[in-house]
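Structure assessment
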Amino acid sequence: MKHLKKIVALTGAGISAESGITTFRDSGGLWEQYDVMEVASIDGWRKNPQLVQRFYNDRRKQLQEVEPNVAHRILAELENYYDVTIVTQNVDNLHERAGSTKILHLHGELTKARSSADPDMIVDIGNRPIEWGEKAPDGTQLRPHIVWFGEAVPMIATAADIVAKADILLIIGTSLNVYPAAGLVGYADRKASIYLIDPNEVSHSGRDVTIIREKATAGMEKLKKILIESLNN
Ligand code: OAD
């Protein structure tokens, strides 16, 4: 089989914005509407788990009302030309629904729940709400399978290994504000080409980055052309 070049796409909330999912830090974003520490931290869960449960039940419900957009679909299509791995901070399932096959969710997944005691005891929940009182197999309250502020990011080392092997790194729709995810860019090989798609300015740690200042869908249309043409050179 022909050896395919490796693309790693580091994606954030911005790639799903045009599907209708609100980002976190843009004006009107989720963290203007909610106190992040109340709904997305381990302390918030300990203080008011039912509020946290409701917040993620609402996010999961919203997932049924949205569709992957062209940016998600182009990433899936690029698998015809490249070995593509997606490392996403998003907890939605739009990359899966667009057809991408290799996806690592750094911050968890809305369609899964887990034991409150054992991070490895994970169950599929699909689109339905997690009920208060609903138990994991170990008898503890089921909680959203989300990595909250104040918790370790179990997949970070795996993600760093993946980024380090990329020939081409794509950074799409992330403010690069949240660590350790934001630090992944620093693992890219010195020879890797790095492209960043975002309609706003994003500070990106001094690497040589080609910036495409567009929304994800328009930016991915442009980048697709560049990436496919570069295969013929
Ligand atoms: P942010 O909300 O911090 O950043 C979203 C980025 O998307 C910004 O740089 C926007 O300029 C950009 N953006 C907005 N609209 C866009 C569009 N149509 N196309 C492309 N880009 C667009 O979201 P993340 O960087 O993903 O974690 O946030 C990282 C983490 O912080 C999240 O995973 C979440 C949050 O708190 C947890 O909840 C644990």
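Residues numbered from 1 in each chain as written. Predicted model: local features only at pLDDT ≥ 70, side-chain atom pairs only at ≥ 80, totals over all residues. Heavy atoms only, no water.

**Regarding the sheet that holds strand 5 (residues 122–124)**
The antiparallel open sheet is built from three strands, whose spatial order is 5-4-6. A strand with exactly one partner marks an edge of an open sheet, and here the two such strands are strand 5 and strand 6 (142–146). Averaged over all pairs of adjacent strands, the angle between strand axes in this sheet comes to 45°, irrespective of strand direction. Both strand 4 (residues 108–115) and strand 5 contribute to a ladder of three bridges, which runs antiparallel. When the sheet's bridge partners are listed, Arg114 is paired in strand 5 with Ile122. (Pairing = 2+ DSSP bridges. Helix = DSSP H or I, 4+ residues; strand = E, 2+ residues; numbered from the N terminus. Axes fitted to C-alpha atoms, helices over the stretch in contact; angles between N-to-C directions.)

**What about the site of the ligand?**
The environment of the ligand is formed by 24 residues, the closest being Arg25, Thr174, Ser175, Asp198 and Asn200. A distance of 2.9 Å separates an oxygen atom of the ligand from a polar atom in the side chain of Trp31. Contact between the ligand and Ala216: a nitrogen atom at 2.8 Å from a main-chain N or O atom of the residue. For the ligand, the accessible surface in isolation is 800 Å², of which the surrounding protein chains cover 94%. By residue class, the composition of the shell around the ligand is ten nonpolar, nine polar and five charged. Each of two domains, domain 1 (1–21 + 69–107 + 152–233) and domain 2 (23–65 + 114–146), supplies a minimum of three residues to the shell around the ligand. (Near = heavy atom within 4 Å. Polar contact = N/O pair within 3.5 Å; in protein donor to acceptor, adjacent residues only side chain to side chain. Areas by Shrake-Rupley, 256 points an atom, 1.4 Å probe, with all protein chains shown as cover. Nonpolar A, V, L, I, M, F, W, Y, C, P; charged D, E, K, R; others polar. Domains from an automatic or database assignment.)

**Remarks on the sheet that holds strand 1 (residues 6–11)**
With parallel pairing, the six strands of this open sheet are ordered in space as 3-2-1-7-8-9. Taken across any chain shown, the strands that pair with only one partner, and hence form the sheet edges, are strand 3 (103–105) and strand 9 (209–212). Across the sheet, the mean angle from the axis of one strand to that of its neighbour is 20°, orientation sign disregarded. Sheet strands in contact with helix 9 (residues 216–229) are strand 1, strand 7 (168–172), strand 8 (193–197) and strand 9, and its direction is about 155° off that of strand 8. (Contact = heavy atoms within 4.5 Å.)

**What about unusual backbone geometry?**
Look at the link from Tyr179 to Pro180: it is a cis peptide, with omega at 5°. A positive phi angle, close to 50°, is found at Leu176, a residue other than glycine. On the secondary structure map, Leu176 appears in the loop between strand 7 and strand 8. Look at Leu176 and you get buried, because its relative accessible area is 11%. (Buried < 20%, exposed > 50% of the residue type's maximum accessible area, 1.4 Å probe, protein only.)

**What about the side chain of Ser115?**
Relative to the elements of secondary structure, Ser115 occurs in strand 4. In terms of polar contacts, Ser115 uses its side chain to reach the side chain of Thr140, at 3.2 Å. Discounting residues that sit within four places of it in the chain, Ser115 has contacts with Met121, Ala136, Asp138, Thr140, Gln141, Leu142 and Arg143.

**Some details on the domain arrangement of the chain**
Domain boundaries assigned for the chain yield domain 1 (1–21 + 69–107 + 152–233) and domain 2 (23–65 + 114–146). Once you take the C-alpha centre of each, domain 1 and domain 2 turn out to be 25 Å apart. Between domain 1 and domain 2, the contact holds 14 residues from the first and eight residues from the second. At the surface where domain 1 touches domain 2, the tally comes to zero salt bridges. Tallied by class, residues from the side of domain 1 that touches domain 2 come to five nonpolar, seven polar and two charged. (Salt bridge = Lys/Arg side-chain N within 4 Å of Asp/Glu carboxyl O.)

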